[in-house]
2 protein chains.
Amino acid sequence: MDPKSEHDAQSARKRGSGVRIVYELLRDEIIDLSLPPGSPIDEVQLAERFGMSRTPIREALVRLAGEGLVENLPNRSTIVSNIDFVNLHTFFDAMTLMYRVTTRLAGQYHRPEDLETIRKHQARFAAAVAAADALAMIAANRDFHAAVAEAGRNPYFTGLFLRLLDEGRRILRLYYQSFDDRLPQEYATEHDGIIAAIAARDVDLCDRLARAHADQIVRQIQAFVARDQRQDIAL
Amino acid sequence: MDPKSEHDAQSARKRGSGVRIVYELLRDEIIDLSLPPGSPIDEVQLAERFGMSRTPIREALVRLAGEGLVENLPNRSTIVSNIDFVNLHTFFDAMTLMYRVTTRLAGQYHRPEDLETIRKHQARFAAAVAAADALAMIAANRDFHAAVAEAGRNPYFTGLFLRLLDEGRRILRLYYQSFDDRLPQEYATEHDGIIAAIAARDVDLCDRLARAHADQIVRQIQAFVARDQRQDIAL
DNA sequence: TGCATTTTATTTGTCGACACAAAAACCGGA
DNA sequence: TCCGGTTTTTGTGTCGACAAATAAAATGCA
């Protein structure tokens, strides 16, 4: 894409929308690793790229820092947060608990229209699996679970879970890059089971399925990390 | 205090420290209700009060908005977030779970030095209870549980828990204002039990005690809310 | 050449000013 | 008095510029 197009597209823009645009774009680029962990973020460069002053850029960066996607070195450039492989188990713990809690609450508090939304995302997910499109699958998986969490109607849990899901996307992204996009079919059928459990309002079943789903994902990532470390040693 | 003193104190100040000062002060004022929910926050007024430009003020406000302590009405002044009494149960759910999880993890992962810190905060808490100082008690209670969470060493849980504890301080503050600072002695002994369970690394006991502690607090706040609503109806 | 020190360059943190949007005040007619 | 539209006021969103701090380059000395 012409680097100037973004500039021109922004030249006539509603007051207050600039921050959101920059925030969302940086966020996406961090999550899909087009901005790799540790890479520095230059404010003036971004300002030129978007055709705006540094002020809204800085505000977007402050927001991203608040979510932990970006780290601010005082008087020095802010950098994309690193993935902490050493303390990955804390991530797994939090992820597993949030999977369980949000699914349980969805079983308790969901309304009919929630199921529609959830099923829509599951359809997108199944399509991505069928097409062997790892990236679309990762994104749809995130949206599926985000929709489940929304149906649970607890903003505190949803907030943390969304953060974890996004952080998980960065890790999964890494995972599927190095494993040549081998896609585990189990995910799709597991999702169907979760939907059925939510629809039946069977809270205990929701909990068990969510836990199994989380364990499945955690095991796969752990296998990846272990393999990756072995390769490091081999070098 | 002389309104000019803050200005003067800041007039020679290290680059980059301004945001932190404003952030922490606003945060404290929001939590202890000296800035009541719904009250507007004027940027120029704050800028004059602190003797700095609006830029660092705005950055502090963006951070506070990220933590949900403040709400940003586009093109209109940002206001202190309201306490949502209707969905208070979602807060209780999250609070209870975080009490349990962080205490469990503290039982699992704490180191000897963690216990020292925890006991120090508990001493402060006991002193506040003895002195019938509700405000000091609320603050020490928060620090006690924050220290327990730190000992659990899961930043995701700790992050959410700290947010909940601060939000809880706002609610508790309201509670003790209207109940003439009647202090439940149970809290102090409950804390001692939790410390013992952590030190013994008895995870199940940690869970049970944390749950009981959370239930205790939730019941008290619920009683307060119920009573408050009855008064509203009476009017 | 190798190291310590000074100088330059780069990038952030802060400022004051202006443009814009929404709310509040105003006003004239019924 | 009340109501619709107009003007003023208030306070945010954005900008360009400058100052401070750090890193990189250059310089001097042994």
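Refer to the structure above for everything that follows.
Every value quoted in this text rests on a predicted model; they were computed, and no experiment measured them.

Caption draft 1: Molecular detail of the overall build of chain A. Secondary structure summary: chain A contains 10 helices and 3 strands in total. Taken from the N to the C terminus, the helices and strands of chain A come in the order α-α-β-α-α-β-β-α-α-α-α-α-α. Burial statistics for chain A: of 235 residues in total, 49% are counted as buried. Of the contacts made within chain A by residues no fewer than 6 positions apart, 76% connect residues no fewer than 24 positions apart. Summing over all exposed atoms, chain A offers an accessible surface of approximately 11,700 Å²; the carbon and sulfur share of this is 52%.

Caption draft 2: Representation of the packing of aromatic side chains. Scanning all chains against the criterion turns up 6 aromatic pairs over all chains. Seen from their ring centres, A:Phe91 and B:Tyr156 are 5.9 Å apart, and the 65 degrees between their planes marks the pair as edge-to-face. Placement of A:Phe91 in helix H5 (residues 88-109) and of B:Tyr156 in helix H8 (residues 155-178) is noted, with the two residues assigned to different chains. For A:Phe91, a relative accessible area of 4% translates into the label buried.

Caption draft 3: Summary view of the sheet that holds strand S1 (residues 40-41) of chain A. All names here are of chain A. Pairing in this open sheet of 3 strands is antiparallel, and the strands run S1-S3-S2 from one edge to the other. Among the strands making up the open sheet, the edge pair consists of S1 and strand S2 (70-72). Examined bridge by bridge, S1 and strand S3 (residues 78-80) share 2 bridges and lie antiparallel to one another. What sits directly across from Pro40, in S3, is Ile79.

Caption draft 4: Looking closely at the protein's contact with DNA strand D. The environment of DNA strand D is formed by 21 residues, the closest being A:Arg15, A:Ser53, A:Thr55, B:Arg54 and B:Arg58. Restricting the count to atoms of DNA strand D within 4 Å of the protein gives a sugar and phosphate share of 62%. At 2.6 Å, a backbone N or O of A:Ser53 approaches a phosphate oxygen of DNA strand D. B:Ile41 is positioned with one of its backbone polar atoms (N or O) 3.2 Å from a phosphate oxygen of DNA strand D. Secondary structure elements with two or more residues in the surface near DNA strand D: helix H2 (17-31) and helix H4 (54-66) of chain A together with helix H4 (54-66) of chain B.

Caption draft 5: Spatial organisation of the environment of A:Glu190. All names here are of chain A. Position of Glu190 relative to the elements: it lies in helix H9 (residues 186-199). Owing to a relative accessible area of 21%, Glu190 belongs among the partly exposed residues under this scheme. Counting along the chain gives 26 residues from Glu190 to Gln216, while the straight-line C-alpha distance between them is 9.9 Å. The contact partners of Glu190, leaving out residues within four places of it in the chain, are His213 and Gln216.

Caption draft 6: Quick look at the side chain of A:Asp207. Residue and element names in this part refer to chain A. Relative to the helices and strands, Asp207 resides in helix H10 (residues 203-234). Judged by relative accessible area, which is 7%, Asp207 ranks as buried. Within the structure, the side chain of Asp207 is placed 2.6 Å from the side chain of Arg104, a separation counted as a polar contact. Residues in contact with Asp207, not counting those within four places in the same chain, are Arg100 and Arg104.

Caption draft 7: Summary view of the relation of the copies chain A and chain B. Superposing chain A onto chain B takes a rotation of 180 degrees combined with a translation of 0.0 Å along the rotation axis, leaving an RMSD of 0.0 Å. Taken together, the rotation angle and the small translation identify this as a two-fold axis.

Caption draft 8: Quick look at the interface of chain A and chain B. Each partner contributes residues to the interface: chain A has 24 residues there, and chain B has 24 residues. Of the roughly 1,900 Å² buried at the junction of chain A and chain B (both faces included), carbon and sulfur atoms supply 66%. Ranking the residues of chain A by area buried against chain B places A:Val62, A:Thr90 and A:Tyr156 at the top, with a combined share of 29%. Ionic pairing is found between A:Arg58 and B:Glu59, a salt bridge with its closest N-O pair at 3.7 Å. Linking chain A with chain B are 4 residue pairs in polar contact (both at pLDDT 80 or more). Those elements that place two or more of their residues in the side of chain A that touches chain B are H4, H5 and helix H8 (155-178) of chain A. Looking at the side of chain A that touches chain B element by element, the count peaks at 10 residues for H5(A). Here the side of chain A that touches chain B is composed, by residue class, of 13 nonpolar, 4 polar and 7 charged.

Caption draft 9: Molecular detail of the protein's contact with DNA strand C. For DNA strand C, the set of nearby residues contains 21 residues, the closest of which are A:Arg54, A:Arg58, B:Arg15, B:Gly16 and B:Ser53. For DNA strand C, the fraction of protein-proximal atoms (within 4 Å) that sit in sugar or phosphate groups is 62%. A distance of 2.8 Å separates a base nitrogen of DNA strand C from a polar atom in the side chain of A:Arg54. Between DNA strand C and A:Arg58, the relevant distance is 2.6 Å, taken from a phosphate oxygen to a side-chain nitrogen or oxygen of the residue. If you list the elements that add at least two residues to the surface near DNA strand C, you get H4 of chain A together with helix H2 (17-31) and H4 of chain B. At 3 residues, H4(B) tops the list of elements feeding residues into the surface near DNA strand C.

Thresholds applied
Residues numbered from 1 in each chain as written. Chains lettered and ligands numbered in written order. Predicted model: local features only at pLDDT ≥ 70, side-chain atom pairs only at ≥ 80, totals over all residues. Heavy atoms only, no water. Helix = DSSP H or I, 4+ residues; strand = E, 2+ residues; numbered from the N terminus. Buried < 20%, exposed > 50% of the residue type's maximum accessible area, 1.4 Å probe, protein only. Contact = heavy atoms within 4.5 Å. Areas by Shrake-Rupley, 256 points an atom, 1.4 Å probe, with all protein chains shown as cover. Phe/Tyr/Trp six-rings, centres within 6.5 Å; stacked < 30°, edge-to-face > 60°. Pairing = 2+ DSSP bridges. Near = heavy atom within 4 Å. Polar contact = N/O pair within 3.5 Å; in protein donor to acceptor, adjacent residues only side chain to side chain. Least-squares fit on C-alpha atoms with pLDDT ≥ 70 in both. Buried area = accessible area lost by both parts, 1.4 Å probe. Salt bridge = Lys/Arg side-chain N within 4 Å of Asp/Glu carboxyl O. Nonpolar A, V, L, I, M, F, W, Y, C, P; charged D, E, K, R; others polar.

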